[in-house]
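Results of the structural survey
One letter stands for each residue in the lines below.
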Amino acid sequence: SAYYLKASGANVPDAFKQTAENQAVVDERMFKAVVKTAFNQRRKTLRNALKPMLNPEAEGFAEFIADPVFELRAERLGVEDFIALTEKCSRFVKV
């Protein structure tokens, strides 16, 4: 299936505005939220950019946030990486 992210804002690269072929996203709204939040804060690591949307009190959060991917900046990740990140984040998002 094809997926199209309608992104607003200059900080989201064009690659995320194009169709990502054969990519299954469990929750489209969650994917959009992760991508927009990651790019919302310029020059911040994913750990700091995504912190407002994550619940640090959830079980297993310390191990989750210790993942090396959170030391990267959003512009270093591709569509597939953001899909994987969204799947990882899904159980730690504040409700």
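Structure shown above.
Scope of this entry: the structure provided in the associated data block. (Residues numbered from 1 in each chain as written. Predicted model: local features only at pLDDT ≥ 70, side-chain atom pairs only at ≥ 80, totals over all residues. Heavy atoms only, no water.)

1. Some remarks on unusual backbone geometry
Positive phi, normally seen in glycine, also occurs at Arg-43, with a value near 60°. Following the sequence through the fold, Arg-43 ends up in the loop between helix H1 (28-40) and helix H2 (46-50). (Helix = DSSP H or I, 4+ residues; strand = E, 2+ residues; numbered from the N terminus.)

2. Considerations on the environment of Phe-31
Mapping Phe-31 onto the fold places it in helix H1. A residue is classified by how much of its surface remains accessible, and Phe-31, at 1% relative accessible area, is buried. With 58 residues separating them in the primary sequence, Phe-31 and Cys-89 have C-alpha atoms 9.6 Å apart. (Buried < 20%, exposed > 50% of the residue type's maximum accessible area, 1.4 Å probe, protein only.)

3. A few points about the nonpolar core
Judged by nonpolar contacts, the single largest core of 24 residues is most densely connected at Leu-46, Leu-50, Leu-54, Phe-70, Phe-82 and Leu-85. If you list the elements that add at least two residues to this core, you get H1, H2, helix H3 (61-65) and helix H4 (79-89). Broken down by element, the residue count for this core peaks at six residues, all from H1. The residues touching Leu-54, leaving out its near neighbours within four places in the chain, are Phe-61, Phe-64, Ile-65, Cys-89, Phe-92, Val-93 and Lys-94. (Core = buried A, V, L, I, M, F, W, Y, C linked by side-chain atoms within 4.5 Å. Contact = heavy atoms within 4.5 Å.)

4. Some thoughts on the environment of Leu-85
Tracing the sequence through the fold places Leu-85 in helix H4. For the pair Leu-85 and Phe-31, spaced 54 residues apart in sequence, the C-alpha separation works out to 8.7 Å. Beyond its immediate chain neighbours, meaning those up to four positions away, Leu-85 contacts Val-34, Leu-46, Leu-50, Val-69, Phe-70 and Leu-77.

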